[in-house]
Amino acid sequence: MGDIDIAIGVDADCVAGWLGSYGGEDSPADLSRGLLAGEEGIPRLLQVFEDEGIDTTWFIPGHTIETFPEECGAVADAGHEIGTHGYSHENPTDLSREQEETILTKSMDLIEDLTGSPPVGHRASWWEFSENTPELVEKHGFLYDSSLMLRDFEPLPMRTGDAWHRIDYDESADTWMKPYERGEETDIVEIPISWYRDDVPPMMFIKQPNYNYGYTSPEMVYEELYLSHFDYLYDRRGAGVYTLTIHPDVHGRPQLIPLLEEFIDYVGTQDGVEFTTLSTVAEKYNEDPTVYESDGEFV
């Protein structure tokens, strides 16, 4: 059995999520859900982690830090890692390079003011990279990014300059019949995430019908997605990183807290499994890039 690390990432979207992503910027009712997430969801999750005695990584938009200073201060005081996650949960693909860098540096400053240290982790809002995101992450000296889905359980170097060819039906087919082009590897560690281990799509009601409906049974999500992914990692790979992305907007609600506690208790009793921060994962990978490679017959 190799190293199996469980890295819970808390994306504290709160009001920012409704401003930048969920289509609620004109709805006082939706914005009030973001206020609940900040004022009740964050403290509830902090209490769970304190009771369970685990360290986690929080990706907090700048808007959340400035709107909920007491609650975000409690996250820092509890010793949890804090990384960047936009300001108002903007979609990076809609930003100019100047806008994206302004948001990034503002968010970095807010986190440094909150924790006393500059952030080492970056998670893109929307889990979307613009054409400028990789270069900006590298320019501003981050240790790791956790926004992409290149692997299920294994970190790898973040790349810059990946290229692909969109289909243009007004042009000759020869213009797009070309393979995906991998860019240059950087020193930034990419720690993959997964929509199948994210709570928003199945369990958060959003009025935009092209996104999600939010009424999937929490028990089904845990049993058929979260636990099945962990069991595959543990029983078949025997080594790797399990990232779980949760939000105070969802897991800070009464129906999810008991299931989160059960998950932590189940996973935490397995031999060789540890809960840790994403920065620790990145540091371990930099020390030994083979630390999370499968030691079984399955990748």
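Here, the structure is the one placed above.
Structure report, in brief.

Conventions we followed
Residues numbered from 1 in each chain as written. Predicted model: local features only at pLDDT ≥ 70, side-chain atom pairs only at ≥ 80, totals over all residues. Heavy atoms only, no water. Helix = DSSP H or I, 4+ residues; strand = E, 2+ residues; numbered from the N terminus. Rg over C-alpha atoms; globule rule 2.2 N^0.38 Å. Buried < 20%, exposed > 50% of the residue type's maximum accessible area, 1.4 Å probe, protein only. Areas by Shrake-Rupley, 256 points an atom, 1.4 Å probe, with all protein chains shown as cover. Lys, Arg positive; Asp, Glu negative; His and termini not counted. Charge placed at Lys NZ, Arg CZ, Asp CG, Glu CD. Contact = heavy atoms within 4.5 Å. Polar contact = N/O pair within 3.5 Å; in protein donor to acceptor, adjacent residues only side chain to side chain. Pairing = 2+ DSSP bridges.

**Some points on the overall build of the chain**
Then comes step 1: From N to C terminus, the chain includes 10 helices and nine strands.
Then comes step 2: Its C-alpha atoms give the chain a radius of gyration of 19 Å, near enough to 19 Å, the size a compact globule of 299 residues would have.
Then comes step 3: Expressed as a percentage of its 299 residues, the buried residues of the chain come to 52%.
Then comes step 4: When the accessible surface of the chain is totalled, it reaches about 13,900 Å², and 47% of it is carbon and sulfur.
Then comes step 5: Both charge centroids of the chain, one from 17 positive and one from 62 negative side chains, sit 5 Å from each other.

**Some thoughts on the environment of glutamate 154**
Then comes step 1: Looking at the element boundaries, glutamate 154 is found in the loop between β5 (144-145) and β6 (156-160).
Then comes step 2: If sequence neighbours within four positions are ignored, glutamate 154 has contacts with Pro192, Arg237, Tyr292 and Glu293.
Then comes step 3: Within the local environment of glutamate 154, its side chain forms a polar contact with the side chain of arginine 237, the two groups lying 3.5 Å apart.

**Topic: the pairing of strand β1 (residues 4-11)**
Then comes step 1: Burial runs high along β1: eight of the eight residues are buried.
Then comes step 2: Here β1 shows a buried face lined by Ile4, Ile6, Ile8 and Val10 and a second buried face lined by Asp5, Ala7, Gly9 and Asp11.
Then comes step 3: The pairing of β1 with strand β8 (residues 240-246) spans seven bridges and is classified as parallel. What sits directly across from isoleucine 4, in β8, is glycine 240.
Then comes step 4: Examined bridge by bridge, β1 and strand β9 (residues 273-275) share three bridges and lie parallel to one another. The partner of isoleucine 4 across the bridge, within β9, is valine 273.
Then comes step 5: One ladder, built from three bridges, connects β1 with strand β2 (residues 57-60); its direction is parallel. Bridging across to β2, valine 10 finds its partner in tryptophan 58.

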